[in-house]
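Each chain is listed here by its residues.
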Amino acid sequence: MTTLICGSLAFDNIMVFPDRFKNHILPEQIHILNVAFLVPEMRREFGGCAGNIAYNLMLLGGDATIMATVGDDAQPYLDRLDKLGLSRAQVRSVPGSFTAQAFITTDLDDNQITAFHPGAMSFSHLNKVDRANASLGIVAPDGRDGMLQHARDFAAAGVPFVFDPGQGLPMFSGDDLMDFLRLADYACFNDYEAKLACDRTGRSLEQLAAEVKALIVTRG
């Protein structure tokens, strides 16, 4: 059974600031904030929800196909997919763009400052679900238009799918979220996302669960 995973491929640039942000930010000058943090440690990871889900599904013995959009700088990620044996037949390159990237700086108190550039992810709606032969789908964090489009495409094709909005959930209104749940067969939230979904929709968790075959809430 092939699972089509619609979501992001991204580079995660992770840096450590060997001090505390609070020691270098003047509260009374926050209106003219202009500060730089020296980060001697940095590493670059292969991230993105579609990539992470596909990799872990492969480790469990599943057959995963990634549907995502990448930019001109994606070759190292594409080479990694090839090395892992993960299909990139449904990975679209968007000329003139960067692959989605997160720049994450963490201080000694585990506070984080993150900048995220969506890049090619903003064009994910150009990918069409009906071009892939899938038995199950996952709609994971991606470009907003792409997530909406892929949910509709799965439903129109009669392919059962999991709605897993993750950090993309704040992009959607209560009406949007209800539309996703009515189209989806399954949904997955963490406990914070579940509370946010209830707040956005004005419904209880039990009412949201009634819209799908199964609603999974993770904790931790």
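What comes next is a walk through the structure. Everything numeric in this text was worked out from a predicted model, so none of it was measured.

About the thresholds
- Residues numbered from 1 in each chain as written.
- Predicted model: local features only at pLDDT ≥ 70, side-chain atom pairs only at ≥ 80, totals over all residues.
- Heavy atoms only, no water.
- Helix = DSSP H or I, 4+ residues; strand = E, 2+ residues; numbered from the N terminus.
- Expected span 1.5 Å × (residues − 1).
- Buried < 20%, exposed > 50% of the residue type's maximum accessible area, 1.4 Å probe, protein only.
- Contact = heavy atoms within 4.5 Å.
- Pairing = 2+ DSSP bridges.
- Axes fitted to C-alpha atoms, helices over the stretch in contact; angles between N-to-C directions.
- Right-handed = clockwise from strand over helix to strand, strands pointing away.
- Salt bridge = Lys/Arg side-chain N within 4 Å of Asp/Glu carboxyl O.

Let's shift gears to helix α3 (residues 144–157). Taking 1.5 Å of rise per residue, the 14 residues of α3 would be expected to cover 20 Å, and the 20 Å separating its terminal C-alpha atoms lies within 8% of that figure. All buried positions along α3 are accounted for by Gly146, Met147, Leu148, His150, Ala151, Asp153 and Phe154. Residues of α3 that are buried in the fold lie against β1 (2–6), β4 (63–70), β8 (136–139), β9 (161–163) and α4 (174–183). Trailing α3 by a residue or two, glycine 158 shows a phi angle of about 75 degrees, which is positive.

With that settled, the discussion passes to unusual backbone geometry. Positioned with a positive phi, aspartate 110 is a non-glycine residue whose angle comes to about 65 degrees. One can find aspartate 110 in the loop between β6 (100–106) and β7 (112–117).

Before going further, it helps to spend a moment on the sheet that holds strand β2 (residues 10–16). Pairing in this open sheet of four strands is mixed, and the strands run β3-β2-β6-β7 from one edge to the other. Among the strands making up the open sheet, the edge pair consists of β3 (41–47) and β7. Put simply, the sheet's adjacent strands are angled 15 degrees from each other on average, direction ignored. By the bridge criterion, seven bridges tie β2 to β3 in an arrangement that is antiparallel. Considered in β3, the bridge of isoleucine 14 is made with arginine 43.

A few words now on the pairing of β8. Covered by surrounding structure in β8 are Leu136 and Ile138 together with Gly137 and Val139, the residues of both alternating faces. Direction of pairing for β8 relative to β9: parallel, over a ladder of three bridges. Looking at the pairing, isoleucine 138 lines up with valine 162 of β9. Tracing the backbone out of β8, into α3 and back to the parallel element β9 gives a crossover that is right-handed.

This part takes up the pattern of salt bridges. Pairing between side chains of opposite charge can happen when their charged atoms approach one another. This structure, assessed with the given rule, holds seven salt bridges. When the shortest N-O distance is used, the salt bridge between glutamate 45 and arginine 43 registers 2.8 Å. On the accessibility criterion, glutamate 45 (34% relative accessible area) is partly exposed. Linking aspartate 176 and arginine 144 is a salt bridge whose minimum nitrogen-to-oxygen distance equals 2.7 Å. A residue pair is termed long-range when its members are at least 10 positions apart, and aspartate 176 in helix α4 and arginine 144 in helix α3 qualify at 32 residues. Overlapping salt bridges bring together Asp179, Arg182 and Glu211 as one network.

What is shown is where atoms sit, not what they do.
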